[in-house]
Amino acid sequence: MTGQRTRTIDRGEQAELSQLLSAGPFDVALRAAIRARGLGLDRIRYRLRGRGTTVSLATLSHWQSGRCRPERAESLEALRNLEDILNVPDGALSRLLGPPRGRARFHVQAPPLN
């Protein structure tokens, strides 16, 4: 099961993907790149694993739905491999991430105003 699956995308789809890769947002651009490549998340996961990168289906799904985004070093490495698998320019998806979001371990609630 190592054969390449090819898919032809039309000009409109290519223009949309190019626009999304330049302007984002990340999750929408990722979803468009996956759709344009014609690979399912399981197949993408398989190809990432072949490159020594382990990413769960849930993580890939969360990235493309906008629930979360790659931020840890391992996730950013997976994203570099993912860009190659999806045949998008190097850094096209990662540059859409912007600065890392803050990570608070505890939510501090402000005291009520009296």
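In what follows, the structure referred to is the one given above.
Residues numbered from 1 in each chain as written. Predicted model: local features only at pLDDT ≥ 70, side-chain atom pairs only at ≥ 80, totals over all residues. Heavy atoms only, no water.

Trainee: What is the right way to look at the overall build of the protein chain in this model?
Mentor: Secondary structure summary: the protein chain contains five helices and zero strands in total. In sequence order, the protein chain lays out its α and β elements as α-α-α-α-α. Burial analysis of the protein chain (114 residues in total) assigns 37% to the buried set. Residue pairs in contact within the protein chain that sit at least 24 positions apart in sequence constitute 60% of those at least 6 positions apart. (Helix = DSSP H or I, 4+ residues; strand = E, 2+ residues; numbered from the N terminus. Buried < 20%, exposed > 50% of the residue type's maximum accessible area, 1.4 Å probe, protein only. Contact = heavy atoms within 4.5 Å.)

Trainee: Where do I start with the nonpolar core in this structure?
Mentor: It is characteristic of soluble globular proteins that their nonpolar side chains tend to be buried jointly. Core analysis: the biggest nonpolar cluster contains 27 residues, and I44, L82, L86 and L93 have the highest contact counts within it. Of all the elements, helix α2 (residues 26-37) adds the most residues to this core, at seven residues. (Core = buried A, V, L, I, M, F, W, Y, C linked by side-chain atoms within 4.5 Å.)

Trainee: Got a minute to help me understand the side chain of N81 in this structure?
Mentor: Relative to the helices and strands, N81 resides in helix α5 (residues 73-85). Among the residues examined, N81 registers a relative accessible area of 12% and is labelled buried.

Trainee: Mind showing me how you'd approach the packing of helix α3 (residues 41-50) against α5 here?
Mentor: When two helices pack together, their arrangement is captured by the angle between the axes and the distance separating the axes. At their nearest, the axes of α3 and α5 sit 10 Å apart, and the two run at 115° to each other. In terms of crossing hand, the pair formed by α3 and α5 is right-handed. On α5, the residues that touch I44, R47 and L48 of α3 are A78, N81, L82 and I85. (Axes fitted to C-alpha atoms, helices over the stretch in contact; angles between N-to-C directions. Left-handed = near helix turned anticlockwise from the far one by under 90°.)

Trainee: Help me understand the environment of Q64, please; the structure alone is not making it clear to me.
Mentor: Along the chain, Q64 turns up in helix α4 (residues 57-65). Placed 31 residues apart in sequence, Q64 and A33 show a C-alpha to C-alpha distance of 9.9 Å. Excluding residues that lie within four positions of it along the chain, Q64 makes contacts with D27, L30, R31, I34 and L41.

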